[in-house]
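# Structure at a glance
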Amino acid sequence: MPRRQGQGLRHPCGGYGAEAVLSPGPLRGGRRRTVLIVGAGLAGGRAAEALRGAGFEGRVVLVGDEPERPYERPPLSKELLTGALPRERVFLRPPGYYRDQRITLRRGRPVVQIDPAARRVTLDGGSRLRYDALLLTPGARPRRLGVPGEELPGVLALRTLADADRLRQALTGQPRVLVVGAGFLGCEVAAVARQAGHAVTVVEQGQVPMAGLGRAVGGFWAGVHRDHGVRLLTGETVTAFRGVGRVEAALTGRGELLPCDLVLVAVGVEPVTDLLAGTGVALENGIAVDEHCRTSRPDIYAAGDAASWWHPGRRLRLRVEHYDHAQNQGAAAARNLLGLAEPYAPIPYFWSQQYDLTLQHVGHAPSWDALVWRGPATGGTFSAFYLENDRVRACVAVNRFKDIAAARRLIALGQPVDPRRLGDDGVPLRDLLPPA
Ligand SMILES: Cc1cc2nc3c(=O)[nH]c(=O)nc-3n(C[C@H](O)[C@H](O)[C@H](O)COP(=O)(O)OP(=O)(O)OC[C@H]3O[C@@H](n4cnc5c(N)ncnc54)[C@H](O)[C@@H]3O)c2cc1C
């Protein structure tokens, strides 16, 4: 593979590293080339920044269907909702940044068609944009329940800043709040609403909130919400919403009528892939990309919530719907489409904030054969390690920030650990690691 060409490409670790091995990517020839990014969210925003950060001097065009410049979504279910964070603070960059960096930001219109043969996209309204390389970062959209009455005013979803503005407005006064779905989003909003003094009911079809964490850890969170006064109904669904002019009640699968003035439907998201219809780009639980964030077409890349990628370390295809991943994969895709053959192989990480508890999760454990607790869950601060054949695959920590760094190293090492020592809070986690 050729070494760095006259493209002004800087190695992401700083300097013009001779180690920056280039593949003949779609952007060779630099300055006159155009990278078009579809989706001006987190992954798209960070990708545009990374292109300039890597010294790319060609055109960067960032197209988003929302009226806003790129912003962070985590505060939308937390500090923005409580009012602790001013709206202006959610944006990735100040308004002048995009002009200064010569990033053309086109907002408020979706891309409705991609023509890979002509290397061109069409925006709603008919205007067309040409590209040399296309990066798709369209994110995900909330799933609907698909039950009668879901279109009634007062039944809301939460994905965008506009959704958060609506929800915040709807939470003024004293609405009785119903949250459908006890995933991370639903639980965060339930916590905010409860702390604001609202009557809150949560309906969850699984047996515990945040079921991906398992019965035991999910059970801890069920207790937290109930202790704060949330009425949590598990193993339950909503089959219809009722109301005249706006939502007044929800009917459950067991036939209970739950009176409510405001509903948040938070039953997960689905990757946005519809704009790929007819392009021939392979889909597999999202836009399928390889470890270099490349789709089945060599000049089209994808990243973030919308993309499922081949993880070379885990040797499986993953799609992750979390902040860290979206920004890191956006930046990795940008560097890869510049020709740096940099495999994207992270240990996934995410966090959630509910009441005065911060949950952090590192790793990926779709299944496990042992769960090792460390620290007293009763005190609201503990870690739980998900083990497979005595190897740490993932860790969730609640208000125990220091454990996450050690857990990450244990996961990366992939060596067997002694579960008894792992669970003994008296044994420092660093003692389980080999000397640095
Ligand atoms: C309320 C909320 C709270 C969250 N809290 C946390 C948290 O605490 N911790 C955590 O780890 N993660 C959290 N997340 C998840 C995290 O924010 C997402 O994983 C991340 O935003 C995904 O980034 P993305 O760029 O892939 O997608 P997005 O940020 O959704 O950006 C995609 C953008 O593309 C646009 N788009 C879609 N189709 C088109 C089109 N055809 N043309 C043009 N534009 C298009 C979309 O409108 C959107 O603006 C939260 C998410 C939400 C919604």
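Residues numbered from 1 in each chain as written. Predicted model: local features only at pLDDT ≥ 70, side-chain atom pairs only at ≥ 80, totals over all residues. Heavy atoms only, no water.

Further remarks concern the domain arrangement of the chain. Accessible area lost on assembly of the parts is the figure often given for the size of an interface. Partitioning the chain into structural domains gives domain 1 (30–141 + 270–337), domain 2 (144–267) and domain 3 (356–432). Using C-alpha coordinates to define each centre, domain 1 is positioned 30 Å away from domain 2. Taken residue by residue, the interface counts 18 residues in domain 1 and 14 residues in domain 2. Both faces considered, domain 1 and domain 2 share a buried interface measuring about 1300 Å² in area, 63% of it formed by carbon and sulfur atoms. Broken down residue by residue, the surface that domain 1 buries against domain 2 is led by Leu76, Ser77 and Leu81, which jointly contribute 39%. There are three salt bridges connecting domain 1 and domain 2. At the boundary of domain 1 with domain 2, the tally comes to eight residue pairs in polar contact (both at pLDDT 80 or more). The element that contributes the greatest number of residues to the side of domain 1 that touches domain 2 is helix 2 (residues 79–82), accounting for three residues. Among the residues forming the side of domain 1 that touches domain 2, the class breakdown is seven nonpolar, five polar and six charged. (Domains from an automatic or database assignment. Contact = heavy atoms within 4.5 Å. Buried area = accessible area lost by both parts, 1.4 Å probe. Salt bridge = Lys/Arg side-chain N within 4 Å of Asp/Glu carboxyl O. Polar contact = N/O pair within 3.5 Å; in protein donor to acceptor, adjacent residues only side chain to side chain. Helix = DSSP H or I, 4+ residues; strand = E, 2+ residues; numbered from the N terminus. Nonpolar A, V, L, I, M, F, W, Y, C, P; charged D, E, K, R; others polar.)

Before going further, it helps to examine the pattern of salt bridges. Applying the stated rule across the entire model yields 31 salt bridges. In this structure, the salt-bridge partner of Glu88 is Arg69, at a minimum N-O distance of 3.1 Å. In this pair, Glu88 is assigned in the loop between helix 2 and helix 3 (96–100) and Arg69 in the loop between strand 2 (59–63) and helix 2, connecting sequence segments 19 residues apart. Taking relative accessible area as the criterion, Arg69 reaches 10% and is therefore assigned buried. In this structure, Arg144 engages Glu150 in a salt bridge whose closest nitrogen and oxygen atoms are separated by 3.7 Å. Salt bridges linked by common partners bring Arg374, Arg400, Lys402, Asp403 and Asp425 together as one network. (Buried < 20%, exposed > 50% of the residue type's maximum accessible area, 1.4 Å probe, protein only.)

Take the packing of helix 1 (residues 42–53) against helix 7 (residues 323–337) next. Viewed as axis vectors pointing N to C, helix 1 and helix 7 meet at an angle of 40°, and their least axial separation amounts to 7 Å. Accordingly, the angle class assigned to the pair helix 1 and helix 7 is oblique. As for how helix 1 packs across helix 7, the hand of that crossing is right-handed. Of helix 7, the residues touching helix 1 (which contributes Leu42, Ala43, Arg46, Ala47, Ala50 and Leu51) are Tyr323, Ala326, Gln327, Gly330, Ala331, Ala334 and Leu337. Grouping the amino acids of the contact of helix 1 with helix 7 by side-chain chemistry returns ten nonpolar, two polar and one charged. (Axes fitted to C-alpha atoms, helices over the stretch in contact; angles between N-to-C directions. Parallel < 35°, antiparallel > 145°, perpendicular 65-115°, else oblique. Left-handed = near helix turned anticlockwise from the far one by under 90°.)

We now examine helix 6 (residues 215–227). With 13 residues, helix 6 extends 18 Å between its outermost C-alpha atoms, agreeing within 8% with the 18 Å of an ideal straight helix rising 1.5 Å per residue. Val217, Gly218, Phe220, Trp221, Ala222, Val224 and His225 are the residues of helix 6 that are buried. Just downstream of helix 6, Gly229 is the residue with a positive phi angle, here 95°. (Expected span 1.5 Å × (residues − 1).)

Considering all chains together, one arrives at nine aromatic pairs under this definition. With a centroid separation of 6.4 Å and an interplanar angle of 85°, the aromatic rings of Tyr71 and Phe91 are classed as edge-to-face. Of this pair, Tyr71 sits in the loop between strand 2 and helix 2 while Phe91 sits in the loop between helix 2 and helix 3, and the two are 20 residues apart along the sequence. Each member of the pair, Tyr71 as well as Phe91, is classed as buried. Between Trp309 and Tyr344, the ring centres sit 5.3 Å apart and the planes meet at 50°, which makes this aromatic pair tilted. (Phe/Tyr/Trp six-rings, centres within 6.5 Å; stacked < 30°, edge-to-face > 60°.)

The subject of this paragraph is the sheet that holds strand 2. What the five strands build is an open sheet, ordered 3-2-1-7-19; its pairing is parallel. Every interior strand has two partners, whereas the edge strands, strand 3 (103–106) and strand 19 (300–302), have only one. Averaged over all pairs of adjacent strands, the angle between their axes in this sheet comes to 20°, without regard to strand direction. Packing of helix 1 onto the sheet brings it into contact with strand 1 (34–38), strand 2, strand 3 and strand 7 (133–136), and relative to strand 2 it is tilted by some 170°. Across the sheet, helix 7 is in contact with strand 1, strand 7 and strand 19; its angle to strand 19 comes to roughly 160°. (Pairing = 2+ DSSP bridges.)

Among the 34 residues in the neighbourhood of the ligand, the closest are listed as Asp65, Glu66, Arg73, Lys78 and Arg159. The contact in question runs from an oxygen atom of the ligand to an N or O atom on the side chain of Glu66, over 2.5 Å. Here an oxygen atom of the ligand sits 3.2 Å away from a polar atom, N or O, in the main chain of His322. Burial of the ligand by the surrounding chains reaches 93%, relative to a free accessible area of 1000 Å². Of all the elements in the fold, those that place two or more residues in the shell around the ligand are helix 1, helix 5 (184–195), helix 7 and strand 22 (349–354). A per-class count over the shell around the ligand returns 18 nonpolar, eight polar and eight charged. Looking at which domains feed residues into the shell around the ligand, each of domain 1 (30–141 + 270–337) and domain 2 (144–267) supplies at least three. (Near = heavy atom within 4 Å. Areas by Shrake-Rupley, 256 points an atom, 1.4 Å probe, with all protein chains shown as cover.)

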